[in-house]
Structure formats: structure tokens, C-alpha cells
Amino acid sequence: MPRDGSSSLPPGSLPPGAVPAAPMDIGEVANPPFAVSPKPGDLFLKRAGRFATLAPGHELRPYLEFLSRVARAQHDVQAELPDPIPPSEEVMATARAHGMPPI
């Protein structure tokens, strides 16, 4: 991207809804988030859509269509599941004391 902030990409080269990155001075340190948590409500639905989009014309079309159906089924089942119950404070303390994850 040029220093003036204008896009050097030809019109229409970004996917719909994508926002071009803001310009950054050379030498600046990027500060991205440590982790981006998935949104459980649409995680499997988006995955199903990606597989379905990749399938047409691909040599693995039957497999990608299968994966799309599996991901869609996961989405449908997930919508009916109760919210997870977080570990108790006692379990968290024990896990921290032993350097283990609180699972």
C-alpha cells in the first residue's frame, strides 16, 4: 500500500466485505491480538460454506462436499447444546499449582 494510504490493488481485487489494511510506517512494530477466539455460533457454518465453495471443479469434489455436509451437521447439533460449564475455582487452582490446563 502506498504511503499516502491509497490502495495499490486494482478495484475489485479484495473479497466482498474485506477492508484493506491501514498503512504502516516502515520500522513500526505491528501489534496484532495474541489470539482471536472463534465465534462458536457460526464456526461450523462458515467451515461448511468454505468446503462447499471449494468443491465445484476440484478433483476432490466428492470429499469436499462430504466435509461440507459434516460441518453443517456439526453446526446443527451445536445449536442445540447447552452452554459449557466453566471449571470451578478449586479445579483452576489445582491445575495452576501443577502447571496443567484446567480441563
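Rules used in this analysis
- Sequence order sets the numbering: in each chain, residues are counted from 1 along the sequence as written.
- Totals for whole chains, interfaces and linings use all residues, but because this is a predicted model, local features are given only for residues with pLDDT of at least 70 and pairs of side-chain atoms are given and counted only at 80 or more.
- Each side-chain value is worked out from all heavy atoms of the structure, with water and hydrogens disregarded.
- Working definition: helices are DSSP H or I runs of at least four residues, strands are E runs of at least two. Numbering for both runs from the N terminus.
- Burial classes follow relative accessibility: with a 1.4 Å probe on protein chains only, a residue under 20% of its type's maximum area counts as buried, one over 50% as exposed, and anything between as partly exposed.
- The Shrake-Rupley method, run with a 1.4 Å probe, gives the accessible areas here. Residue values count only the displayed protein chains as cover.
- In this analysis, two residues are considered to be in contact whenever any of their non-hydrogen atoms come within 4.5 Å of each other.
- Throughout, an axis means a line fitted to C-alpha atoms (over the contacting stretch in the case of helices), and angles, computed between N-to-C directions, take values from 0 to 180 degrees.
- Any angle that falls under 35 degrees is termed roughly parallel, while one over 145 is termed roughly antiparallel, one within 65 to 115 roughly perpendicular, and all others oblique.
- Crossing handedness is defined as follows: a turn of the near helix away from the far one that is anticlockwise and smaller than a right angle gives a left-handed crossing, while the clockwise case is right-handed.
- Put simply, Ala, Val, Leu, Ile, Met, Phe, Trp, Tyr, Cys and Pro go in the nonpolar bin, Asp, Glu, Lys and Arg in the charged bin, and everything else, Gly too, in the polar bin.
- Salt bridges are defined as contacts in which a side-chain nitrogen from Lys or Arg sits within 4 Å of a carboxyl oxygen from Asp or Glu.
- By this rule the span expected of a helix is its residue count minus one, scaled by 1.5 Å.
- Residues with no salt bridge and a relative accessible area higher than 30% make up the patches, which join like charges within 9 Å and nonpolar side chains (Val, Leu, Ile, Met, Phe, Trp, Tyr) within 5 Å.

Before going further, it helps to examine the overall build of the chain. Counting secondary structure elements, the chain contains three helices and zero strands. Each helix and strand of the chain, ordered N terminal to C terminal, gives the series α-α-α. In the chain, buried positions account for 9% of the 103 residues. Surface accessibility of the chain: about 9,000 Å² in total, with carbon and sulfur atoms responsible for 63%.

What follows concerns the side chain of His75. Its place among the elements puts His75 in helix H2 (residues 61–78). In this structure His75 touches Gly41, Phe44 and Leu45, once residues within four positions along its chain are discounted.

Here we take up the packing of helix H1 (residues 43–54) against H2. When two helices pack together, their arrangement is given by the angle between the helix axes and by the axis-to-axis distance. The interhelical angle for the contact between H1 and H2, taken along N-to-C directions, is 165°, at an axis separation of 8 Å. Considering the angle they form, H1 stands roughly antiparallel to H2. Judged by the sense of rotation from one axis to the other, the crossing of H1 with H2 is left-handed. For the pair formed by H1 and H2, the contact residues are Phe44, Leu45, Arg47, Ala48, Phe51, Ala52 and Leu54 on the first element and Leu64, Leu67, Ser68, Ala71, Arg72, Gln74, His75 and Gln78 on the second. When its residues are assigned to classes, the contact of H1 with H2 shows nine nonpolar, four polar and two charged.

With that settled, the discussion passes to the pattern of salt bridges. A full pass over the atoms with the stated rule returns four salt bridges. Lys46 is paired through a salt bridge with Asp42; the nearest N and O atoms lie 3.6 Å apart. The exposure class assigned to Lys46 is partly exposed, which follows from its relative accessible area of 48%. Classification of Asp42 as partly exposed rests on a relative accessible area of 25%. The salt bridge involving Asp76 is made with Arg72; its shortest N-O contact spans 3.2 Å. Of this pair, Asp76 and Arg72 are both found in helix H2, four residues apart, which corresponds to roughly one turn of the helix. On the basis of relative accessible area, Asp76 is assigned to the partly exposed category, the value being 36%.

Turning our eyes to something else, we now look at H2. Helix length check: H2, at 18 residues, gives a terminal C-alpha distance of 25 Å against a target of 26 Å (1.5 Å per residue), a fit within 8%. Turning to H2, the residues buried within the fold contact H1.

In this structure, Ser68 sits in helix H2. Exposure remark for Ser68: the relative accessible area of 13% places this residue in the buried category.

So, about a nonpolar patch on the surface. Taken together, the side chains of Leu60, Tyr63, Phe66 and Val70 define a hydrophobic patch exposed on the protein surface, amounting to about 370 Å² of accessible area. Turning to its location among the elements, Leu60 is positioned in the loop between H1 and H2.

These figures come from the coordinates and say nothing about function on their own.
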